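Here is what each chain is made of, one letter per residue.
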Amino acid sequence: PWQGASCTVPGLPTYSSWATYCPSNQGDLVINSNTTFTVAGNAANQKCWNKITVNSNKTLTLRSTNYSYYIDTFDIANNGIVNFSPNPATGTINLYVRKFVGDKFNGNQVFNTNNKPYQLRIHYLGTTGLTMNGTAAISAFLIAPYASVDVQGNFDYSGGIKAKSLACTGSGLLHYDESGDITTLSDVSFKLRNVNERYR
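Parameters and conventions
- Residues numbered from 1 in each chain as written.
- Predicted model: local features only at pLDDT ≥ 70, side-chain atom pairs only at ≥ 80, totals over all residues.
- Heavy atoms only, no water.
- Helix = DSSP H or I, 4+ residues; strand = E, 2+ residues; numbered from the N terminus.
- Buried < 20%, exposed > 50% of the residue type's maximum accessible area, 1.4 Å probe, protein only.
- Contact = heavy atoms within 4.5 Å.
- Areas by Shrake-Rupley, 256 points an atom, 1.4 Å probe, with all protein chains shown as cover.
- Salt bridge = Lys/Arg side-chain N within 4 Å of Asp/Glu carboxyl O.
- Pairing = 2+ DSSP bridges.

(A) Quick peek at the overall build of the protein chain. Tallying secondary structure elements over the protein chain gives 2 helices and 14 strands in all. Counting the 200 residues in the protein chain, one finds 42% classified as buried. Across the protein chain, the fraction of contacts at a sequence separation of at least 24, relative to all contacts at a separation of at least 6, is 47%. Put simply, the protein chain shows about 11200 Å² of open surface, and 45% of that area lies on carbon and sulfur atoms.

As structure tokens, this is what we get:
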């Protein structure tokens, strides 16, 4: 059998408790008009929200790359949009969420198609299964160590997903991108169908 340090494969990441990240927060935020907001600093009253609601036909644009966004509950209406526009343009936006209302987000709502996958990292700290669906494209790395992730519909996903379990159903596409750090699998059973490898 193979032995030695080179055979050590890291498992899923672990996170601190939500209370550690956000012992307090800025309360609730309702997006009633197109809004861009940034994170001013690393203090809880600067980076943490209890709930953010994006109403129908409104766009919330997130830009901060120096500090992460922490949202306990994220509620995106069916026609609401969350757009990502890193500042600087080569930076990475880190989004920590404990709960997506409806336990899903739709690719027609969450946009990151103009950036590299590594420029959006979604850290899902919830334990309830998360569904990603829609007829849309997204570029991101999703880390969900405590929950199952189900990619459905005609989702065209570029980046990487690290989750407690991962299922892909429907006609969706998953394109693994080597620009991130989701490069290892450990203690998993999997079945692949219709896999294509392409070089860029």
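(B) Seen up close, the environment of Tyr70. Checked against the element boundaries, Tyr70 lands in strand E5 (residues 69-76). Taking C-alpha positions, Tyr70 is 4.7 Å from Cys48, a pair spaced 22 residues apart along the chain. Discounting residues that sit within four places of it in the chain, Tyr70 has contacts with Trp18, Tyr21, Cys22, Lys47, Cys48, Trp49 and Tyr96.

(C) Layout of the pattern of salt bridges. In the structure shown here, the tally under the stated rule is 2 salt bridges. Of the charged contacts in the structure, one is a salt bridge between Asp72 and Arg98, with a shortest N-O distance of 2.5 Å. Placement of the pair is Asp72 in strand E5 and Arg98 in strand E7 (residues 93-100), with a sequence separation of 26 residues. For Asp72, a relative accessible area of 12% translates into the label buried.

(D) Quick peek at the environment of Lys116. Examined against the element boundaries, Lys116 turns out to sit in the loop between strand E9 (110-111) and strand E10 (120-124). Lys116 sits 26 residues away from Thr90 along the chain, and the two C-alpha atoms are 8.6 Å apart.

(E) Summary view of the pairing of E7. Burial within E7 is extensive, with 6 of its 8 residues counted as buried. Pairing analysis gives 5 bridges linking E5 to E7, with the strands arranged parallel. Note that in E7 the partner of Tyr69 across the bridge is Leu95. As judged from the 5 bridges shared by E7 and E10, these two strands associate in the parallel manner. Considered in E10, the bridge of Val97 is made with Tyr124.

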